[in-house]
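# Descriptive structure summary
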Amino acid sequence: MLVRLFIAIMAGKFVMWLSRSLGQGSGSSLPGMVALRICPGLLEILARQIKEGIIVVTGTNGKTTTSNMLADILSSEGQRVVTNRKGANLATGVASAFLQSATVLGRLDYEWAVLEVDEAAFPFVYSQVKPQAVVVTNFFRDQLDRYGELDATVDLIKKSLLDRGHAQLILNADDPLVAGLAAVAEKQPVYYGLGEHRETCARGVGVKEARFCPHCSQELNYAYYHYSQLGAYSCPRCGFARPVPALEAINAEDGLEFVRGTVIYEQEQLELTLPTGGLHNLYNAVAALAAATVAGISPRAGIGYLRGYHAATGRMDRFRHRGRLVLLNLVKNPAGFNRGLAILDKAPGSRDVLIAINDNDADGRDVSWLWDVDFEILGQNNAGYNFFICSGRRGEDMAVRLKYAGVPADKIKVERNLEQAVDRALGGRGERVFLLATYTALWPVELYLRDKAERVMTGGQDLPSVS
């Protein structure tokens, strides 16, 4: 086994070096794939060397940002951290993260590992690395051709936790599908969430994945919604309800270029402002802070580090082009797209919009999910938009969806070539430009945009392959 491990590490490191030398990517997945083929037990062997513990972050949206925030908090406290920061979150990407940190002899001198893990890869990675804690962000419908229906994804996570239930669960209290995982927890979960604020609503809008109680199937009652199925819920039949969070952000205020809230933890109130917009990023922050408490780091210390956090590429990434603000955002499923549209809709002034939709493997071949996105808000309130350029392999499908949403046909343009589409968007007359793209469209758009505009905030983080 030791000989096989040594060969696997050497082969993986060589592939990583070769990939980067040839400019064929960052080496975030292929090295792990090669190493696991040679030594299938590599993850388990390397993971055993982590001194303090391993924290896994899974769920539909927010994995990359949450895990990066948590890794930054731990690192800022002087802890050495193994992490798949670039977001390669299949087993191969996790293996690559360990390979990059290990010596050629397979030695790891690190206190913590923070691992973003894809939901489908969770059972295998969980069984191999045996984490001390698991953060679950949310469950939304995502890539039906890859994951199947949402119930199957939730059951996959639940079964893994039930089979090996020693991990400390850190759960989103506002998502009934996530909070329902407490039923298989051996320890009392640590809950996090958002309190009611001025943008919560009494009636749910957009996609709601969880209308029914995960325990008795009765339709849930909601006191308020944040977005999608996230909010304050209760079951009138069995009593299942939103648990009281150990860490909660109240008085949330969501701006175009910031989000802030008051974090409450053990009677202490702490002000947090993130230099990036979106309530979803406030969720990511409180999830990271809750996980940090399990690692013995106080929210006060964590908040100090998060105030300077810069989001990964494509997470409301900001550029300037001829004095105009340009925002680039990844969109990958209905819930995430709706959050992007909410930010787009509240932006002041006139807007030019590019939407790039691909259907490659990483995006999901089935693009029917576009019909679950609430594009109708663009049709109902389109006076502030100059045009919508639809691009990518499925640009025509996107154009049809906008037409059926009520967007005037003369505002919809189709440009299959991504570079030309970016040029047309940047050449508009709007006060702001929004570029929304799926996974495989995001990278070429960002690469081309770098040469055309000045990046306002990068954080020095590369584009993740899967989020």
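Predicted model only: the values in this text are computed from it and were never measured.

### Some details on the overall build of the chain
- Secondary structure summary: the chain contains 16 helices and 18 strands in total.
- At 22 Å, the chain has a C-alpha radius of gyration in line with the 23 Å of a compact globule built from 467 residues.
- By its C-alpha atoms, the chain is 65 × 60 × 40 Å across when sized along the principal axes.
- Per-residue burial over the chain gives 60% buried out of 467 residues.
- Considering only residue pairs separated by 6 or more positions, the chain has 71% of its internal contacts joining residues 24 or more positions apart.
- Here the chain has roughly 18,100 Å² of accessible surface; of this, 49% comes from carbon and sulfur atoms.
- Taking the average place of the 50 positive charges on the side chains of the chain and the average place of its 50 negative ones, the gap between the two points comes to 3 Å.

### Concerning the nonpolar core
- With 58 residues, the main nonpolar core has L42, F98, L115, V129 and F139 as its most contacted residues.
- For this core, the element with the highest residue contribution is helix 5 (residues 91-101), accounting for six residues.
- Non-local contacts of L115, meaning those with residues more than four positions away in its chain, are made with I54, I55, V56, V57, V82, N84, V94, F98 and V129.
- Core analysis: the second largest hydrophobic core is formed by 45 residues, M69, L70, L247 and Y309 among them.

### Observations regarding the packing of aromatic side chains
- For the coordinates displayed, the defined rule picks out ten aromatic pairs.
- Ring centres of Y227 and Y283 lie 6.1 Å apart, and the angle between their planes is 85 degrees; on these two criteria the pair is classed as edge-to-face. With Y227 in strand 7 (residues 221-227) and Y283 in helix 10 (residues 279-294), the pair connects residues that are 56 residues apart, well separated along the chain.
- With relative accessibility at 9%, the residue Y227 sits in the buried group.
- When its relative accessible area of 4% is taken as the criterion, Y283 is described as buried.
- Ring geometry for Y385 and F388: centres 5.0 Å apart, planes at 35 degrees, overall tilted. Like Y385, the residue F388 is buried in the burial classification.

### Some details on the pattern of salt bridges
- Within this structure, the stated rule accounts for 28 salt bridges.
- Note that R324 is salt-bridged to D352, the shortest N-O span being 3.1 Å. With R324 in strand 13 (residues 324-330) and D352 in strand 14 (residues 351-356), this residue pair connects regions lying 28 residues apart in the sequence. Per residue, the accessibility class of R324 equals that of D352, and both read buried.
- Shared partners join several salt bridges into a network, and the residues in it are K51, R80, D109 and E111.

### Concerning the confidence of the model for the chain
- Looking at the chain, the pLDDT average stands at 90 and 93% of residues meet or exceed 70.
- With pLDDT under 50 throughout, residues 458-467 is counted as low confidence; its partners more than four residues away or in other chains account for 42 contacts.

### A short note on the sheet that holds strand 3 (residues 112-116)
- Read across the open sheet, the nine strands follow the order 2-3-1-4-5-6-9-10-11; overall the sheet is mixed. Of all strands in the sheet, those bounded by a partner on one side alone are strand 2 (81-83) and strand 11 (268-274). This sheet shows a mean twist of 15 degrees between the axes of neighbouring strands, independent of strand direction.
- Across the sheet, helix 6 (residues 122-129) is in contact with strand 1 (53-58), strand 3 and strand 4 (133-136); its angle to strand 1 comes to roughly 175 degrees.
- Strand contacts of helix 10: strand 1, strand 4, strand 5 (168-172), strand 6 (190-194), strand 9 (247-254), strand 10 (259-265) and strand 11, with the helix running at about 155 degrees to strand 6, the strand carrying the most contacts.

### Quick look at helix 15 (residues 418-426)
- Of all the residues in helix 15, the buried ones are L418, A421, V422, A425 and L426. Mapping the buried residues of helix 15 onto a view down its axis gives an arc of 130 degrees, with all of them on the same face.
- Its side-chain oxygen placed 3.1 Å from the backbone nitrogen of E419, N417 serves as the N-cap of helix 15.

### Examining the environment of K346
- Looking at where K346 falls in the secondary structure, it is placed in helix 12 (residues 334-346).
- Measuring from C-alpha to C-alpha, the distance between K346 and D254 comes to 9.8 Å, with 92 residues separating the pair along the chain.

### Here's the deal with unusual backbone geometry
- You will see that S217, though not glycine, has its phi angle at about 70 degrees, which is positive.
- If you check the backbone angles, Q267 has positive phi at about 70 degrees while not being a glycine.
- Relative to the assigned elements, Q267 resides in the loop between strand 10 and strand 11.

### Here we look at helix 11 (residues 299-306)
- Every buried residue belonging to helix 11 is among P299, G302, I303 and L306, and all of these are buried. All buried residues of helix 11 lie within an arc of 100 degrees about the axis, which places them on one face of the element.
- Against helix 4 (63-76), strand 9, strand 10, strand 11 and helix 10 lie the buried residues of helix 11.

### Here's the deal with the pairing of strand 6
- Burial of strand 6 is extensive: five of the five residues sit out of reach of the surface.
- Side chains V190, Y192 and L194 project from strand 6 onto one buried face, and the interleaved Y191 and G193 project onto a second face that is buried too.
- Where strand 5 meets strand 6, three bridges bridge the pair, whose relative direction is parallel. If you follow N172 over to strand 6, its bridge partner there is Y192.
- By the bridge criterion, three bridges tie strand 6 to strand 9 in an arrangement that is parallel. Each residue of the ladder has a partner; that of Y192, found in strand 9, is L247.

Criteria and thresholds
Residues numbered from 1 in each chain as written. Predicted model: local features only at pLDDT ≥ 70, side-chain atom pairs only at ≥ 80, totals over all residues. Heavy atoms only, no water. Helix = DSSP H or I, 4+ residues; strand = E, 2+ residues; numbered from the N terminus. Rg over C-alpha atoms; globule rule 2.2 N^0.38 Å. Buried < 20%, exposed > 50% of the residue type's maximum accessible area, 1.4 Å probe, protein only. Contact = heavy atoms within 4.5 Å. Areas by Shrake-Rupley, 256 points an atom, 1.4 Å probe, with all protein chains shown as cover. Lys, Arg positive; Asp, Glu negative; His and termini not counted. Charge placed at Lys NZ, Arg CZ, Asp CG, Glu CD. Core = buried A, V, L, I, M, F, W, Y, C linked by side-chain atoms within 4.5 Å. Phe/Tyr/Trp six-rings, centres within 6.5 Å; stacked < 30°, edge-to-face > 60°. Salt bridge = Lys/Arg side-chain N within 4 Å of Asp/Glu carboxyl O. pLDDT = per-residue confidence, 0-100. Pairing = 2+ DSSP bridges. Axes fitted to C-alpha atoms, helices over the stretch in contact; angles between N-to-C directions. Arc of directions from axis to C-beta. Polar contact = N/O pair within 3.5 Å; in protein donor to acceptor, adjacent residues only side chain to side chain.

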